[in-house]
Amino acid sequence: EPEVTQTPSHQVTQMGQEVILRCVPISNHLYFYWYRQILGQKVEFLVSFYNNEISEKSEIFDDQFSVERPDGSNFTLKIRSTKLEDSAMYFCASSETDSTFYGNQPQHFGDGTRLSIL
Amino acid sequence: SQQGEEDPQALSIQEGENATMNCSYKTSINNLQWYRQNSGRGLVHLILIRSNEREKHSGRLRVTLDTSKKSSSLLITASRAADTASYFCATEDSGTYKYIFGTGTRLKVLA
């Protein structure tokens, strides 16, 4: 069964450094998402992306965050100047279509990247 | 309470018993989904129930949805040790189409 893959599985970065988290969504999916989960807390929506632009973003997704689909397969999340509170698991997800037009569609998640800011 | 709150927060049962987890939410939704998360892993989609559905089955899983009470339940029958995981509900908000996850129920099935 096709799956969403994320790299690296664990990223350790100094505070203030830039970090890029990478995701390869399922190949025929068109909608892409990033979520984060701080240790012991709930999964929080960050951003959704379709047709090379952001569809929705949460209040967490401030100017320090950006997303990009640099080629036909990768979907990246960049944090420009990391803070201690950015330490979390970051999950990428993709879905084939969007509920807006085609009805209810599940999102498929990767295993996540654990980001540790020192 | 927050959107997508599960209860109980933790549940410990013996193998073979049934496990029931509940989820409450606050806004209007298009659908509600249940996910499983093994420790340190990603979220695995279990089942989706649309807002116009009341009950859905998938293998040993049974999900109910009561939109008047804004609540859902997940029943796992004949539980196995391999069912040990955290279970999250996620609602798709009908206004924003954003997914909002609950706080999760940590299920431990004892062999």
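All of these numbers come straight from a predicted model, not from anything done at the bench.

Basis of the calculations
Residues numbered from 1 in each chain as written. Chains lettered and ligands numbered in written order. Predicted model: local features only at pLDDT ≥ 70, side-chain atom pairs only at ≥ 80, totals over all residues. Heavy atoms only, no water. Helix = DSSP H or I, 4+ residues; strand = E, 2+ residues; numbered from the N terminus. Rg over C-alpha atoms; globule rule 2.2 N^0.38 Å. Areas by Shrake-Rupley, 256 points an atom, 1.4 Å probe, with all protein chains shown as cover. Lys, Arg positive; Asp, Glu negative; His and termini not counted. Charge placed at Lys NZ, Arg CZ, Asp CG, Glu CD. Contact = heavy atoms within 4.5 Å. Buried area = accessible area lost by both parts, 1.4 Å probe. Salt bridge = Lys/Arg side-chain N within 4 Å of Asp/Glu carboxyl O. Polar contact = N/O pair within 3.5 Å; in protein donor to acceptor, adjacent residues only side chain to side chain. Nonpolar A, V, L, I, M, F, W, Y, C, P; charged D, E, K, R; others polar. Pairing = 2+ DSSP bridges. Axes fitted to C-alpha atoms, helices over the stretch in contact; angles between N-to-C directions. Buried < 20%, exposed > 50% of the residue type's maximum accessible area, 1.4 Å probe, protein only. Phe/Tyr/Trp six-rings, centres within 6.5 Å; stacked < 30°, edge-to-face > 60°. pLDDT = per-residue confidence, 0-100. Disulfide = S-S within 2.5 Å.

1. Remarks on the overall build of chain A
- The secondary structure content of chain A amounts to one helix and 11 strands.
- Going from the N terminus to the C terminus, chain A shows its helices and strands as β-β-β-β-β-β-β-β-β-α-β-β.
- Over its C-alpha atoms chain A spans a radius of gyration of 14 Å, differing by no more than 12% from the 13 Å that the globule rule assigns to 118 residues.
- For the C-alpha atoms alone, the extent of chain A along its principal axes is close to 40 × 30 × 30 Å.
- Looking at chain A as shown, the accessible area adds up to about 6000 Å², and 46% of this sits on carbon and sulfur atoms.
- Put simply, chain A has 9 plus and 16 minus side-chain charges, and the middle of one group is 6 Å from the middle of the other.

2. A word on the interface of chain B and chain A
- Taken together, the contact between chain B and chain A spans 24 residues of the former and 19 residues of the latter.
- The three residues of chain B that bury the most area against chain A are B:Lys98, B:Tyr99 and B:Phe101, which together make up 29% of that side's buried surface.
- Applying the counting criterion to the chain B and chain A interface returns one salt bridge.
- A salt bridge links B:Arg41 to A:Asp111; the shortest N-O distance between them is 2.8 Å.
- Our count for the contact surface shared by chain B and chain A stands at five residue pairs in polar contact (both at pLDDT 80 or more).
- Listed by contribution, the elements that provide at least two residues to the side of chain B that touches chain A are strand E4 (29-37), strand E5 (43-50), strand E9 (85-93) and strand E10 (99-101) of chain B.
- The greatest single-element share of the side of chain B that touches chain A, amounting to five residues, is contributed by E4(B).
- Residues belonging to the side of chain B that touches chain A are distributed by class as follows: seven nonpolar, 13 polar and four charged.

3. Some details on the sheet that holds strand E8 (residues 75-79) of chain A
Residue and element names in this part refer to chain A.
- Taken together, the four strands give an open sheet; going across it, the order is E1-E3-E8-E7, and neighbouring strands pair in antiparallel fashion. In this open sheet, the two edge strands, each paired with only one partner strand, are strand E1 (5-7) and strand E7 (65-68). Going across the sheet, the axis of each strand differs from the next one's by a mean of 20 degrees, ignoring polarity.
- The sheet contact formed by strand E3 (residues 19-24) and E8 spans five bridges and is antiparallel. What sits directly across from Leu-21, in E8, is Leu-77.

4. A word on the pattern of salt bridges
All names here are of chain A.
- Taken as a whole and judged by the stated rule, the model has five salt bridges over all chains.
- A salt bridge links Glu-44 to Arg-36, with the nearest nitrogen and oxygen atoms 3.1 Å apart.
- Residue classification places Glu-44 among the partly exposed residues on the basis of a relative accessible area of 23%.
- Classification of Arg-36 as buried rests on a relative accessible area of 11%.

5. Looking at the packing of aromatic side chains
Residue and element names in this part refer to chain A.
- This model, assessed by the stated rule, comprises 12 aromatic pairs over all chains.
- A centroid spacing of 5.4 Å and a plane angle of 40 degrees characterise the contact between Phe-32 and Phe-75, whose relative ring orientation is tilted. One end of the pair, Phe-32, is in strand E4 (residues 31-37); the other, Phe-75, is in strand E8, and 43 residues separate them in sequence.
- Owing to a relative accessible area of 0%, Phe-75 belongs among the buried residues under this scheme.

6. Concerning the confidence of the model for chain B
- Considering every residue of chain B, the mean pLDDT works out to 90; 96% of them sit at 70 or more.
- Looking at the elements of chain B, mean pLDDT is at its lowest for strand E1 (residues 5-7) of chain B, recorded as 78, and at its highest for strand E7 (residues 61-66) of chain B, recorded as 97.

7. Quick notes on the state of the cysteines
- Here the structure, examined in full by the defined rule, presents two disulfides over all chains.
- Disulfide pairing is shown between A:Cys23 and A:Cys92; the S-S distance is 1.9 Å. Here the S-S torsion is close to -65 degrees, and the disulfide linking A:Cys23 with A:Cys92 is therefore left-handed. Here A:Cys23 is found in strand E3, whereas its partner A:Cys92 is found in strand E9 (residues 88-95), with 69 residues between them in sequence. Each member of the pair A:Cys23 and A:Cys92 is classed as buried.
- Each disulfide pairs two cysteine sulfurs, and for B:Cys23 the partner residue is B:Cys89, the sulfurs being separated by 2.0 Å. Because the sign of the S-S torsion sets the handedness, a value of about 65 degrees for the bond joining B:Cys23 and B:Cys89 places this disulfide among the right-handed ones. You can see B:Cys23 sitting in strand E3 (residues 19-24) and its partner B:Cys89 sitting in strand E9, a full 66 residues away along the chain. In terms of burial, B:Cys23 and B:Cys89 fall into one category: buried.

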